[in-house]
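Structural overview
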Amino acid sequence: MRSVLLLVGRDWFALPMAAFQEVVADPVVTALPAAPPTVRGLFNVRGQIIPLLDTGVLLGLGPLPGCSFAAVVQSRYGPAGLATTGAPEPAELAWRVGPAHGKGTVAAYAAGERIAVLLDPMVLLAPADVAAES
């Protein structure tokens, strides 16, 4: 399965290529003071204002210390940016190597010499979970 690998902290996650739109390096983020911890702020992509979400918080891994890249994905509510700690990379998921545990995860797959957990962006980016006060 064609996918895009995201580095979140020290862990690798994969997005289906069909959900992925583009990568933004060093997004300029405007913070939203009253936003929940999952929302790092907003950033502009060619005139479109997109929320930047803390992928670590969404996955229950804790807040990311920084955001070098944003992977823009399509959700059922429009585009959203997922904060990553490294540049997203295209990859082919070879075979399933185990189950995944956690909301928005599907299973663990071999991706070259890495193991990546496949994400389901429609589940991961459900409005109730994005707005939750984690």
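The preceding data block contains the structure.
Summary of the structure given here.

Calculation notes
Residues numbered from 1 in each chain as written. Predicted model: local features only at pLDDT ≥ 70, side-chain atom pairs only at ≥ 80, totals over all residues. Heavy atoms only, no water. Salt bridge = Lys/Arg side-chain N within 4 Å of Asp/Glu carboxyl O. Helix = DSSP H or I, 4+ residues; strand = E, 2+ residues; numbered from the N terminus. Buried < 20%, exposed > 50% of the residue type's maximum accessible area, 1.4 Å probe, protein only. Pairing = 2+ DSSP bridges. Axes fitted to C-alpha atoms, helices over the stretch in contact; angles between N-to-C directions. Core = buried A, V, L, I, M, F, W, Y, C linked by side-chain atoms within 4.5 Å.

**So, the pattern of salt bridges**
- Under the defined criterion, the tally for this structure stands at 3 salt bridges.
- A salt bridge links E22 to R46; its shortest N-O distance comes to 2.7 Å. With E22 in strand 3 (residues 20–25) and R46 in the loop between strand 4 (39–45) and strand 5 (48–53), the pair connects residues that are 24 residues apart, well separated along the chain.
- Note on E22: relative accessible area 21%, which makes it partly exposed.
- The salt bridge involving E89 is made with R114; its shortest N-O contact spans 2.8 Å. With E89 in strand 8 (residues 89–92) and R114 in strand 11 (residues 114–119), this pair connects stretches of sequence that are 25 residues apart.
- Judged by its relative accessible area of 28%, E89 is partly exposed.
- Note on R114: relative accessible area 29%, which makes it partly exposed.

**Quick notes on the sheet that holds strand 4**
- The strand order 3-6-7-5-4 describes an open sheet built from 5 strands, whose pairing is mixed. With partners counted over all chains shown, the strands left at the sheet margins are strand 3 and strand 4, one partner each. Within the sheet, the average angular offset between the axes of one strand and its neighbour, ignoring direction, is 30°.
- In terms of strand pairing, strand 3 meets strand 6 (residues 69–75) through 5 bridges, oriented antiparallel. Directly across from V24, in strand 6, lies its bridge partner A70.

**Considerations on the nonpolar core**
- Counting 30 residues, the largest nonpolar core has L6, F43, L53, L82 and L125 as the members making the most contacts within it.
- When contributions to this core are tallied by element, the ones reaching two or more residues are strand 1 (2–8), strand 2 (11–16), strand 3, strand 4, strand 5, strand 6, strand 7 (78–84) and strand 11.
- Ranked by residues supplied to this core, first place goes to strand 6 with 4 residues.
- By size, the runner-up hydrophobic cluster in this structure holds 11 residues, among which are A107, Y109, A111 and L118.

**Brief notes about the pairing of strand 2**
- Direction of pairing for strand 1 relative to strand 2: antiparallel, over a ladder of 6 bridges. Bridge assignment links S3 to a residue of strand 2, and that residue is P16.
- As defined by bridge partners, strand 2 adjoins strand 11 across 2 bridges and the pair is classed as parallel. Note that in strand 11 the partner of A14 across the bridge is L118.

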